[in-house]
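Chain residues, written in single-letter form:
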Amino acid sequence: MPEFLTLVVGATALVAAAVAGLYLWPLGHRKLRLAPASPLDFDAATAAAQSTTAAEATDPRVRPESRSRLLSHGSRSARAVLLLHGYTMAPEQYDALAEVFFARGYNVWIPRAPHHGTVDRRAHHRVGAGELTAYAQQAVTVAAGLGDEVGVVGISGGAVLATWLAQTRGDVVRRLLVLSPFFGPRQAPAFAVRPLITLYGRRVLRDRVTARGYSLAAVTRYLTIVRSLPRTARRTGLVSAAVAISPLDTVVDPAAAVRVPRRIARANGIDLRVYALPESLGVRHNTLDLTALDDRAADVLRRYVDLYEGSSASTTSAAVGGQGL
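These lines cover the structure that appears in this document, whether it is placed above or below. (Residues numbered from 1 in each chain as written. Predicted model: local features only at pLDDT ≥ 70, side-chain atom pairs only at ≥ 80, totals over all residues. Heavy atoms only, no water.)

### Some remarks on empty space enclosed by the protein
Okay, so step 1: Enumeration according to the criterion identifies one cavity of 30 Å³ or more in this entry.
Okay, so step 2: Quantified by volume, the largest cavity comes out at close to 30 Å³.
Okay, so step 3: Class assignment for the residues of the lining of the largest cavity results in three nonpolar, one polar and two charged. (1 Å grid on protein atoms, 1.4 Å probe; cavity = no way out; pocket = protein on both sides within 12 Å on 5 of 7 lines; lining within 4 Å. Points joined across faces, edges and corners; volume = space filled by probe spheres on them. Nonpolar A, V, L, I, M, F, W, Y, C, P; charged D, E, K, R; others polar.)

### Here we look at helix α8 (residues 254-267)
Okay, so step 1: For α8, spanning 14 residues, the distance from its first C-alpha to its last is 21 Å, which sits close to the expected 20 Å at 1.5 Å a residue.
Okay, so step 2: Residues of α8 that are buried include every one of A256, A257, V258, V260, P261, I264 and A265, and no others.
Okay, so step 3: On its buried side, α8 packs onto α5 (157-168), β5 (173-179), β6 (240-245) and β7 (272-276).
Okay, so step 4: Between a side-chain oxygen at the N-terminus of α8 and the backbone nitrogen of A255 the separation is 3.0 Å; the capping residue is D253.
Okay, so step 5: Taken from the residues just after α8, G269 is the one with a positive phi, measuring 70 degrees. (Helix = DSSP H or I, 4+ residues; strand = E, 2+ residues; numbered from the N terminus. Expected span 1.5 Å × (residues − 1). Buried < 20%, exposed > 50% of the residue type's maximum accessible area, 1.4 Å probe, protein only. Contact = heavy atoms within 4.5 Å. Polar contact = N/O pair within 3.5 Å; in protein donor to acceptor, adjacent residues only side chain to side chain.)

### Brief notes about the packing of helix α3 (residues 95-103) against helix α9 (residues 296-309)
Okay, so step 1: Contact geometry of α3 with α9 gives a least axis separation of 10 Å together with a crossing angle of 60 degrees. In terms of axis orientation, α3 runs oblique to α9. As for the relative orientation of α3 and α9, their crossing is right-handed in sense. Residue-level inspection shows A96, L97, V100 and F101 of α3 in contact with α9, the latter providing L301, Y304, V305 and Y308.
Okay, so step 2: Residue composition of the contact of α3 with α9, by class: eight nonpolar, no polar and no charged. (Axes fitted to C-alpha atoms, helices over the stretch in contact; angles between N-to-C directions. Parallel < 35°, antiparallel > 145°, perpendicular 65-115°, else oblique. Left-handed = near helix turned anticlockwise from the far one by under 90°.)

### A short note on the packing of helix α4 (residues 129-146) against helix α7 (residues 216-228)
Relative placement of two packed helices is described by the angle separating their axes and the distance separating the axes.
Okay, so step 1: Where α4 meets α7, the axes come as close as 9 Å, and the angle between the chain directions of the two elements is 65 degrees. The chirality of how α4 crosses α7 is right-handed. When α4 is examined against α7, the residues A129, L132 and T133 are found in contact with a partner set consisting of R221, Y222 and I225.
Okay, so step 2: Its residues assigned to classes, the contact of α4 with α7 comprises four nonpolar, one polar and one charged.

### Description of the layout of surface pockets
To locate leftover empty space, one rolls a probe as large as a water molecule over the atoms.
Okay, so step 1: Empty space within the second largest pocket amounts to approximately 480 Å³.
Okay, so step 2: Taken together, 24 residues make up the lining of the second largest pocket; nearest its centre are F182, R212, Y214, V219 and V251.
Okay, so step 3: Ranked by residue count, the leading element in the lining of the second largest pocket is α7, at four residues.
Okay, so step 4: Residue composition of the lining of the second largest pocket, grouped by class: 14 nonpolar, nine polar and one charged.

### Details of the sheet that holds β7
Okay, so step 1: Reading across from one edge, β1-β3-β2-β4-β5-β6-β7 is the order of the seven strands in this open sheet, with mixed pairing throughout. The outermost strands of the open sheet, each flanked by one partner alone, are β1 (69-71) and β7. The average undirected angle you get between the axes of adjacent strands in this sheet is 15 degrees.
Okay, so step 2: Alignment of β6 against β7, held across five bridges, turns out to be parallel. Bridge assignment links I245 to a residue of β7, and that residue is A276. (Pairing = 2+ DSSP bridges.)

### Things to note about helix α6 (residues 193-201)
Okay, so step 1: Inspection of α6 places V193, R194, P195, I197, T198 and Y200 among the buried residues, and these make up the whole buried set.
Okay, so step 2: Remark: R203 follows α6 within two positions and exhibits a positive phi of approximately 55 degrees.

### Focus on the pattern of salt bridges
Okay, so step 1: A full pass over the atoms with the stated rule returns 13 salt bridges.
Okay, so step 2: Its salt-bridge partner being R126, residue D120 comes within 3.8 Å of it at the nearest N-O pair.
Okay, so step 3: A relative accessible area of 48% means that R126 is categorised as partly exposed.
Okay, so step 4: A salt bridge links E149 to R175, with the shortest nitrogen-to-oxygen separation between them at 2.8 Å. Linking E149 in strand β4 (residues 147-155) with R175 in strand β5, this pair joins segments that are 26 residues apart in sequence. (Salt bridge = Lys/Arg side-chain N within 4 Å of Asp/Glu carboxyl O.)

What follows is the structure in structure tokens.
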């Protein structure tokens, strides 16, 4: 009996140590903080964007429809916007919305994220958190050279990067719109997120791919960036912040989708505009997939731009999700 008791106590101690390790293991947030790049003028920013698009045009690994896109009026504009696509997606996700911004006079930069938009549909499984933040940093530096006022729109994982930029590049980012922001998974309770990051992000466990084609290792890279956001939101000079979500979204935590940007908005003394798409539209996680809406798609896209611009007509609340556009 004493020997059995010793084994039980020993096993219990090992389990307790393992559990403690999952919650105490540092996640390496400091590695994601990058020094701001040197500012670019319009010509240099345009050259940087064109260099990217030219390299992708000659890279057989990049799908032609998924190359980075620059929509330019030919000179520095009063407003420029950076559009960051979602995980597993590519720049074409923004084709329709980019045209709406461009028609309103914006210069628009839509860069392709690392390991995305390639002929290897599993390449995005390898994306790293440091790669993502470096990509976002380079992208906003280009956008800053394209216009006097710069803002960022991000969807899903791209919304994580947009939010990260709003807090780390407060010298540049003045407007923020996040669509279906992936600040936490809907399917997992909050207490499980840190162990998820540790086990899959550090490859303690072998990677798994979900039914949606999401690599758990890759997903945890975005969650690591969420964890790197300042505990106390910074006042940066942000002048508008908004979020658009769908009540039919089964991917993102709806509470976190609003809570994170609201904290940033409050730190900057502004209201967060929240738009819940009507369930009748049938739009789910990809709130840019509006092809089934016919004429109504244009109304949704205009609403997104109004939200970004902080138009008084766009002020809504999560409670109006059932109302029409």
